[in-house]
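# Residue-level structural notes
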Amino acid sequence: MKHVFCIASLLIFCIPSHSQVKELEAGMYVGTFAMKDLREFQERVENGTPLTESISSFPPFFVFDVSYTKMYDWGGLGFWAGYQSTGGRVQYADYSGELKTDIVIEGISVGMLYQKNLDNYFVVGRLGFTYNILVVKQSIRVFDFSDGNEDKFTSSNFPLAVVVGRRFELKDWLALSPIIFFDYSAVGSMFSHVKDEIEFPSKADWTGVRVGARIEFTTNPEKEE
């Protein structure tokens, strides 16, 4: 992966171009997430803890990303980085206290992209690396007594995404683009505990659909002249 990013950097910054446009983009979306393994783990927690029920189970949530692209005559090459999170809760509560298990996962991604413009539309292919942080927090409260424990696990994914959008130019240097994209992120490692490296028999699967918009800041040497 390190060699791939080195080659991509050389391509992006060293290839000469007749008309070179640079784009800086920031996006916010709502995404769905497969999370098959973690949903099954949550079901096991619910079934193994009397009276509890699932309050939430890895619902759609916000996804954020930024990217930098250099456009050439034949397309664009660039880098991107993103953040996403979701989670689930199993809980029982009454007048005497509560028992709950929170399962929260965060993903921090970096990668490279190829973009092709088609008039005001564009298609982007993205490949990257995601570092996942999973926190499982269990707590109990009975009247004035409370106790709990927290475990943290990490894993990695290699996301592949196809992005489609339409650009609406607001100014020469500013545009807004509604976007929809499909993210496939099932390929990756099992979670392992951050302290003792005990394997947690689950993977993060961010596979799903993202819908939202991004704002683009553009520099165009030809227009500046």
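Cut-offs applied
- Residues numbered from 1 in each chain as written.
- Predicted model: local features only at pLDDT ≥ 70, side-chain atom pairs only at ≥ 80, totals over all residues.
- Heavy atoms only, no water.
- Salt bridge = Lys/Arg side-chain N within 4 Å of Asp/Glu carboxyl O.
- Helix = DSSP H or I, 4+ residues; strand = E, 2+ residues; numbered from the N terminus.
- Buried < 20%, exposed > 50% of the residue type's maximum accessible area, 1.4 Å probe, protein only.
- Expected span 1.5 Å × (residues − 1).
- Arc of directions from axis to C-beta.
- Phe/Tyr/Trp six-rings, centres within 6.5 Å; stacked < 30°, edge-to-face > 60°.
- Contact = heavy atoms within 4.5 Å.
- Polar contact = N/O pair within 3.5 Å; in protein donor to acceptor, adjacent residues only side chain to side chain.
- Pairing = 2+ DSSP bridges.
- pLDDT = per-residue confidence, 0-100.
- Core = buried A, V, L, I, M, F, W, Y, C linked by side-chain atoms within 4.5 Å.

### A few points about the pattern of salt bridges
Inspection of every chain in the model, using the stated rule, returns nine salt bridges. Between Glu23 and Arg167 there is a salt bridge, and its shortest N-O distance comes to 3.5 Å. Placement of Glu23 in strand β1 (residues 21–31) and of Arg167 in the loop between β8 (160–166) and β9 (168–171) is noted, with a sequence separation of 144 residues between them. In this structure, Glu23 and Arg167 share a single accessibility class: buried. Across the salt bridge formed by Lys100 and Glu98, the nearest N and O atoms sit 4.0 Å from each other.

### Here we look at unusual backbone geometry
Backbone geometry places Phe58, a non-glycine residue, at a positive phi of 50 degrees. In this structure, Phe58 sits in the loop between β2 (53–57) and β3 (61–72).

### So, helix α2 (residues 36–48)
End to end, α2 covers 18 Å across 13 residues, agreeing with the expected 18 Å (1.5 Å per residue, within 8%). The set of residues buried in α2 consists of Leu38, Phe41, Gln42 and Val45. The arc that holds every buried residue of α2, seen down its axis, measures 100 degrees, which confines them to one face. In α2, those exposed residues whose orientation departs by more than 90 degrees from the buried face are Lys36 and Asn47.

### What to know about the packing of aromatic side chains
Ring pairs (aromatic) are described by centroid distance and by the angle formed between their planes. Tallied over the full model, the rule gives ten aromatic pairs. With 5.2 Å between their ring centres and 90 degrees between their planes, Tyr29 and Phe181 make a pair best called edge-to-face. Remark: Phe181 occurs in strand β10 (residues 174–184) and Tyr29 occurs in strand β1; sequence separation between them is 152 residues. Of the two residues examined, Tyr29 and Phe181, each falls in the buried class. Here Phe191 and Phe200 contribute two aromatic rings whose centre-to-centre distance is 6.3 Å and whose plane-to-plane angle is 75 degrees, an arrangement assigned as edge-to-face. Considered together, Phe191 and Phe200 belong to a single accessibility category, that of buried residues.

### Thoughts on the side chain of Ser155
Residue placement: Ser155 occurs in strand β7 (residues 145–157). Setting aside residues no more than four positions away along its own chain, Ser155 makes contact with Thr130, Tyr131, Asn132, Ser189, Met190, Phe191 and Ala204.

### Topic: the side chain of Ser96
Along the chain, Ser96 falls in the loop between β4 (75–94) and β5 (97–118). Overall, Ser96 belongs to the buried group, its relative accessible area being 18%. At 2.6 Å, the side chain of Ser96 forms a polar contact with the side chain of Asp94. With sequence-adjacent residues up to four places away left out, Ser96 is seen in contact with Arg141, Val142 and Phe143.

### Some words on the pairing of strand β6 (residues 121–142)
Note: β5 against β6, 22 bridges, orientation antiparallel. By the bridge assignment for β6, Gln115 is matched with Val124. As paired elements, β6 and β8 share seven bridges and run antiparallel to each other. Residue pairing across strands places Val124 opposite Val163, the latter belonging to β8. Note that β6 and β7 share 13 bridges and pair antiparallel. Pairing of Gln138 across the sheet is with Asn149, part of β7. Here β6 folds back onto β7, and the loop between the two strands holds two residues, one of which, Phe143, carries a positive phi near 55 degrees.

### Quick notes on the environment of Phe41
In this structure, Phe41 sits in helix α2. Spatially, the C-alpha atoms of Phe41 and Ile103 are 9.5 Å apart, while their sequence positions differ by 62 residues.

### A closer look at the confidence of the model for the protein chain
The share of residues in the protein chain with pLDDT of 70 or more is 89%, and the mean pLDDT across the chain is 89. Per-element averaging of pLDDT across the protein chain places helix α1 (residues 2–14) at the bottom with 49 and β8 at the top with 97.

### Focus: the nonpolar core
One finds Met35, Leu38, Ile105, Leu134, Phe191 and Phe200 to be the most contacted residues of the largest nonpolar core, which totals 26 residues. Mapped by element, the contributors of at least two residues to this core are α2, β4, β5, β6, β8 and β10. Top contributing element to this core by residue count: β6, with four residues. Those residues in contact with Leu134 that lie beyond four places of it in its chain are Leu38, Ile103, Val104, Ile105, Asp151, Lys152, Phe153, Phe191 and Phe200.

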